[in-house]
Amino acid sequence: MRNRNFDENLHILYLIPTPIGNLEEMNPRAINILKSVLAIGCEDTRVSKQLLANFGISNKLISCHEHNEEMASEELLKYLETGNIAYVSDAGYPGISDPGHRLVVKALENGFKVSVISGPNAMLNALVGSGLDTSHFYFHGFLASKQSARLKELEDLKHKKETMVFYESPHRITDTLLDLKDVLGNRKACIARELTKRFEEFIREDLNTLASLDANTLKGEMVIVVDGEKEDKQINLDVVLSYAKELIKNGVNTKLAAKLASEKYNVSKNVIYNAIIKGE
Ligand code: SAM
């Protein structure tokens, strides 16, 4: 079968990551390609116009964001029929918690080439700098903004062994940390703040500590990295249960025993309560 990537006649959609803070991270290859293409699709023309002006790029910008991606992709495909185009989101990689995916699918369906330039991405910087296991990881992006949906998502993730990475906005960070702690139990975690910027900070603690931080100290852009479930959790649960059962033997009711054991060992009250009931 013909390898389409070597077909010189096919026009190319270039996906180009842009800096997540530090402008020096815009790579020379990205700049050259952005200068050379017929048109540049972007998430927000105001943001991209300003960014690209820093690098002397004044190509035509076409708005293609979450809410018009379907239609705007069609317009971009018309340019792609004539020559190469590029797509940039506001920061980092297009398609990673940002628009771009639908455009990629359409370009591929229409037989065009898709090429990705390497560059800045908040998830990878956070993961690599977190000090947590990088051999296997899971990227979730943003959790649901509604608490009930967020709790359900976390319940589904609680037995994941891989390190987990979440994006979050500053106004929801404390609520999310509290939910992470309540559902996943206490574990090692890291908040990676203001990556690549002047006040970059990695807060490497556990979920209990992170959830109790003063919200005023958690400003700017943030990624949360959380340890996967560790094998010794099971052993911990046995220890927790024998503590709760000892309390029950001494006359404490089941509900209170689960609550006290939960506070002592940072394991979910419901998990302990259900395990006691099951074991009875
Ligand atoms: N496409 C981007 C990427 O490749 O990383 C992600 C865009 S997403 C809309 C924005 C989220 O990424 C923020 O809410 C934050 O969680 C994370 N983020 C972006 N820039 C960051 C930075 N400089 N420091 C920490 N987190 C950042």
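Source: prediction; values computed, not measured.

1. Let's talk about the layout of surface pockets
Quantified by volume, the largest pocket comes out at close to 430 Å³. Around the largest pocket, the lining comprises 23 residues; the ones closest to its centre are Ile20, Ala91, Ala122, Tyr167 and Glu221. Looking at the lining of the largest pocket, the elements with two or more residues in it are β7 (163–168) and β10 (222–226).

2. Side note on the sheet that holds strand β6 (residues 137–142)
Spatially, β6-β7-β10-β8-β9 is the arrangement adopted by the five strands of the open sheet, whose pairing is mixed. With one partner strand each, in any of the chains shown, β6 and β9 (201–206) form the two edges of the open sheet. Going from strand to strand, the sheet's axes swing by 15 degrees on average, the running direction of each strand aside. By the bridge criterion, six bridges tie strand β8 (residues 188–193) to β9 in an arrangement that is antiparallel. Bridging across to β9, Cys190 finds its partner in Arg204. Sheet strands in contact with helix α6 (residues 147–157) are β6 and β7, and its direction is about 175 degrees off that of β6.

3. Focus: the sheet that holds strand β4 (residues 85–88)
Backbone hydrogen bonds are what pair the strands of a sheet, in a parallel or an antiparallel way. The five strands are arranged β3-β2-β4-β1-β5 in an open sheet whose pairing can be described as parallel. Two strands bound the open sheet, and with one partner strand each, they are β3 (61–63) and β5 (113–116). Shown here is a sheet whose adjacent strand axes are inclined to one another by a mean of 25 degrees, direction ignored. Both strand β2 (residues 39–42) and β4 contribute to a ladder of four bridges, which runs parallel. Looking at the pairing, Gly41 lines up with Tyr87 of β4. Helix α2 (residues 45–53) rests against β2, β3 and β4 of the sheet, and its axis sits at about 155 degrees to β3. Against the sheet, helix α4 (residues 101–109) touches β1 (12–15), β4 and β5, its axis set at about 160 degrees to β1.

4. Some remarks on helix α5 (residues 122–130)
Spacing of three or four residues puts side chains on the same side of an α-helix, whose turn is 3.6 residues. Residues of α5 that are buried: Ala122, Met123, Ala126, Leu127 and Ser130. For α5, the angular spread of buried residues about the axis comes to 120 degrees, placing them on one side. Structurally, α5 contributes buried residues whose contacts are with β6, β7, β8, β9 and β10. Once α5 finishes, Gly131 follows within two positions and takes phi at roughly 85 degrees, a positive value.

The rules we used
- Residues numbered from 1 in each chain as written.
- Predicted model: local features only at pLDDT ≥ 70, side-chain atom pairs only at ≥ 80, totals over all residues.
- Heavy atoms only, no water.
- 1 Å grid on protein atoms, 1.4 Å probe; cavity = no way out; pocket = protein on both sides within 12 Å on 5 of 7 lines; lining within 4 Å.
- Points joined across faces, edges and corners; volume = space filled by probe spheres on them.
- Helix = DSSP H or I, 4+ residues; strand = E, 2+ residues; numbered from the N terminus.
- Pairing = 2+ DSSP bridges.
- Axes fitted to C-alpha atoms, helices over the stretch in contact; angles between N-to-C directions.
- Contact = heavy atoms within 4.5 Å.
- Buried < 20%, exposed > 50% of the residue type's maximum accessible area, 1.4 Å probe, protein only.
- Arc of directions from axis to C-beta.

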